[in-house]
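So the chains spell out like this:
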Amino acid sequence: MTHADPERGEAARMDPVFRRTLACVVSREPGRTRALIGTVPGSRAEARIVGGFQSRLDRCHPGTTVRGLGFTWNLMRGGFAEVYYHREFPNGLASGASDAAWAADWIRPRVVEGNVSQEELLHATARCVVVRQPVIVARLLAAAPFSAAEAGATRQLRGDISSCLDSGIQLTASPQSLRGLLAEAALHYGEARGAGPNDSAAVPVVNRH
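Notes on the overall build of the protein
Here's step 1: Scanning the protein from N- to C-terminus turns up 10 helices and four strands.
Here's step 2: Going from the N terminus to the C terminus, the protein shows its helices and strands as β-α-α-α-α-α-β-α-α-α-α-β-α-β.
Here's step 3: The contacts of the protein with a sequence gap of at least 6 include a subset with a gap of at least 24, amounting to 75%.
Here's step 4: Carbon and sulfur atoms form 51% of the exposed surface of the protein, whose accessible area is close to 9900 Å².

In structure tokens:
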């Protein structure tokens, strides 16, 4: 399964423009961008919201289209999620093991309109990775895009990514798209635990000692 795999050199060159443009859209459309992240990937609800962003993209970066500058739906969604993640969790995610029953339910692919989309399967994989390795995911998101630090964190997560993929599915993702998947999963994980990274009341957590 391929997830938004643009040519690496071009993606790295355009990444700062990509992120400035999405930050501008978030500042002008906070309700719509947050609503997008709340939809199930691949659903009709997601498609309806995405279709309304073109005018904002034009204002934030004239000439940009959803597919211009690598702005596929998935990359745009992940970029928005990362903006919100850094706002809500500037110091990363809380460490500690999540309750196993809660985690199993939380990472399960969501069924919408009678189906589980391929996009949702990838997001479920990202949720699984965050449950297993919240600190490393936070380290990846703290690193600059396309940096050696980001690449190092990605290497540390490879085993967990493979273990979290459904049987028979292979994932080929660009650094940009993988980062977006993990950013959204990290955002929802931090929110689902109910507290910020420095809040000792974060739940649900189990003590393994």
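Text resumes after the structure shown.
Some points on the state of the cysteines
By definition, a disulfide links two cysteine residues through a covalent bond between their sulfur atoms.
Here's step 1: Per the counting criterion, the structure on display carries two disulfides.
Here's step 2: A sulfur-sulfur separation of 2.0 Å characterises the disulfide bridge that pairs C24 with C60. Between C24 and C60 the sulfur-sulfur dihedral comes to about -75°; the bridge is accordingly left-handed. Highlighted residues: C24 in helix α1 (residues 8–28) and C60 in helix α4 (residues 54–60), separated in sequence by 36 residues. Pair check on accessibility: C24 and C60 agree, each one buried.
Here's step 3: With its sulfur 2.0 Å from that of its partner, C128 forms a disulfide with C164. On the sign convention where negative is left-handed, the bridge of C128 and C164, at about -70° about the S-S bond, is left-handed. Of this pair, C128 sits in helix α7 (residues 118–132) while C164 sits in helix α9 (residues 148–164), placing them 36 residues apart in sequence.

Describing the nonpolar core
One broad rule of soluble globular proteins: the nonpolar side chains tend to lie buried together.
Here's step 1: Membership of the largest hydrophobic core comes to 47 residues, with the highest contact counts inside it found for F80, Y85, V137, L157 and L182.
Here's step 2: A total of eight residues in this core trace back to one element, the largest contributor, which is helix α10 (residues 175–192).
Here's step 3: The contacts of L157, once residues within four sequence positions are left out, are V129, Q133, I136, V137, L140 and L182.

Some thoughts on helix α6 (residues 100–107)
Here's step 1: Burial in α6 covers these residues: W102, A103 and W106. Seen from one end, α6 has its buried residues packed into an arc of 95°, which puts them on one side. Along α6, exposed side chains directed more than 90 degrees from the buried face belong to A100 and A101.
Here's step 2: Buried residues along α6 sit in contact with β2 (97–98), α7 and α10.
Here's step 3: Its side-chain oxygen 3.2 Å from the backbone nitrogen of A101, D99 forms the N-cap of α6.

Some words on the side chain of E82
Here's step 1: Within the element layout of this structure, E82 appears in helix α5 (residues 73–88).
Here's step 2: With residues near it in sequence (within four places) discarded, E82 still touches R19, L141, R179 and A183.

Some points on the packing of α5 against α10
Here's step 1: Here α5 crosses α10 at 45°, and the two axes come no closer than 8 Å. One element, α5, and the other, α10, form an angle in the oblique class. α10 is crossed by α5, and the crossing has left-handed handedness. For the pair formed by α5 and α10, the contact residues are L75, R77, G78, A81, E82, Y84, Y85, H86 and E88 on the first element and Q176, S177, R179, G180, A183, E184, A186, L187 and E191 on the second.

Side note on the confidence of the model for the protein
Here's step 1: In the predicted model, the protein carries a mean pLDDT of 84, and the fraction of residues at 70 or more is 82%.
Here's step 2: For the stretch residues 66–70, pLDDT sits under 50, and the model shows 12 contacts to residues farther than four places along the chain or on other chains.
Here's step 3: Every residue in residues 195–209 is under pLDDT 50, and counting partners more than four places away or in other chains gives 30 contacts.

What counts and what doesn't
- Residues numbered from 1 in each chain as written.
- Predicted model: local features only at pLDDT ≥ 70, side-chain atom pairs only at ≥ 80, totals over all residues.
- Heavy atoms only, no water.
- Helix = DSSP H or I, 4+ residues; strand = E, 2+ residues; numbered from the N terminus.
- Contact = heavy atoms within 4.5 Å.
- Areas by Shrake-Rupley, 256 points an atom, 1.4 Å probe, with all protein chains shown as cover.
- Disulfide = S-S within 2.5 Å.
- Buried < 20%, exposed > 50% of the residue type's maximum accessible area, 1.4 Å probe, protein only.
- Core = buried A, V, L, I, M, F, W, Y, C linked by side-chain atoms within 4.5 Å.
- Arc of directions from axis to C-beta.
- Polar contact = N/O pair within 3.5 Å; in protein donor to acceptor, adjacent residues only side chain to side chain.
- Axes fitted to C-alpha atoms, helices over the stretch in contact; angles between N-to-C directions.
- Parallel < 35°, antiparallel > 145°, perpendicular 65-115°, else oblique.
- Left-handed = near helix turned anticlockwise from the far one by under 90°.
- pLDDT = per-residue confidence, 0-100.

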